[in-house]
Amino acid sequence: MLDIVDEEDRVVGRAPRGEAMARRLRHRVTSVQVRDPLGRIFVHRRTPQKLVFPSLYDVVVGGVVGAGESYDACALREAQEELGVTELPAPEPRFTFLYESPEHVWFVRVYETVCEVPVRPQTEEVDWWDFLPEDEVERRIASPGWQVVPDGLECHRRLRALREREG
């Protein structure tokens, strides 16, 4: 079950995940950009079985916020699940934005964290992964053969712009 939210991100109802997706109901998701101690970004390719954006590359980890769950709890839970770790520090919230496409609409709370332990990504979620330097991530994003999850790409771009503004 997911919380369905209004244009101000206030809960107005609940629906099963499949129904929320099929009916394009506004809900909540988290996205966490994970770096290793060297500053490299965790990137991965989603499995073909994923409900949303199967087989695309992603530069964030995360997922849908369950009914009654906080953004912060979801961010930590999803990051730990996808990375296959239990020792991850609580991700730091950076900003929230509304992601809209013809097929999807959700509020995204974006986080950052550093993972200092070896990762063991879930094979049900991740087909391939690596920690890549930011310039390599930028090169791959620009490559026509590298299809990136659109909301993850938007998170990455907004985080990069925020870092540039902050100096």
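You'll find the structure just up there.
The following paragraphs examine the structure supplied in this document. Worth saying up front: this structure is predicted, and the values here are computed from it rather than measured. (Residues numbered from 1 in each chain as written. Predicted model: local features only at pLDDT ≥ 70, side-chain atom pairs only at ≥ 80, totals over all residues. Heavy atoms only, no water.)

### With respect to the overall build of the protein chain
Okay, step 1: A count of helical and extended segments in the protein chain gives four helices and nine strands.
Okay, step 2: Element order for the protein chain, N to C, with α for helix and β for strand: β-β-α-β-β-β-β-α-β-β-β-α-α.
Okay, step 3: Its C-alpha atoms give the protein chain a radius of gyration of 15 Å, near enough to 15 Å, the size a compact globule of 167 residues would have.
Okay, step 4: When its C-alpha atoms are laid out on the principal axes, the protein chain stretches across 40 × 35 × 30 Å.
Okay, step 5: Roughly 8,300 Å² of accessible area belongs to the protein chain as shown, and the carbon and sulfur atoms make up 49% of that amount.
Okay, step 6: Computed over 23 positive and 31 negative side-chain charges, the separation of the two mean positions in the protein chain equals 2 Å. (Helix = DSSP H or I, 4+ residues; strand = E, 2+ residues; numbered from the N terminus. Rg over C-alpha atoms; globule rule 2.2 N^0.38 Å. Areas by Shrake-Rupley, 256 points an atom, 1.4 Å probe, with all protein chains shown as cover. Lys, Arg positive; Asp, Glu negative; His and termini not counted. Charge placed at Lys NZ, Arg CZ, Asp CG, Glu CD.)

### Brief notes about the pairing of strand β1 (residues 2–5)
Okay, step 1: Neither face of β1 is open: one carries Leu2 and Ile4, the other Asp3 and Val5, and all of them are buried.
Okay, step 2: Count of turn residues in the β1/strand β2 (residues 11–15) antiparallel hairpin: five residues, of which Asp9 carries a positive phi of about 65 degrees. (Buried < 20%, exposed > 50% of the residue type's maximum accessible area, 1.4 Å probe, protein only. Pairing = 2+ DSSP bridges.)

### With respect to the packing of aromatic side chains
Okay, step 1: One pass over the structure, following the stated rule, counts eight aromatic pairs.
Okay, step 2: Measuring from centroid to centroid gives 5.4 Å for Phe42 and Phe131, while their planes differ by 65 degrees, and the two rings are edge-to-face. Of this pair, Phe42 sits in strand β4 (residues 41–46) while Phe131 sits in strand β9 (residues 126–132); the two residues are 89 residues apart in sequence, bridging distant segments of the chain.
Okay, step 3: For Phe131, a relative accessible area of 10% corresponds to the buried category.
Okay, step 4: Here the aromatic cluster, defined as three or more aromatic residues joined through ring pairs, consists of Phe42, Trp129 and Phe131. (Phe/Tyr/Trp six-rings, centres within 6.5 Å; stacked < 30°, edge-to-face > 60°.)

### Digging into the environment of Arg28
Okay, step 1: One can find Arg28 in strand β3 (residues 27–35).
Okay, step 2: In this structure the side chain of Arg28 is engaged in a polar contact, spanning 2.6 Å, whose partner is the backbone oxygen of Asp9. (Polar contact = N/O pair within 3.5 Å; in protein donor to acceptor, adjacent residues only side chain to side chain.)

These results come straight from atomic positions and should not be treated as a statement about function.
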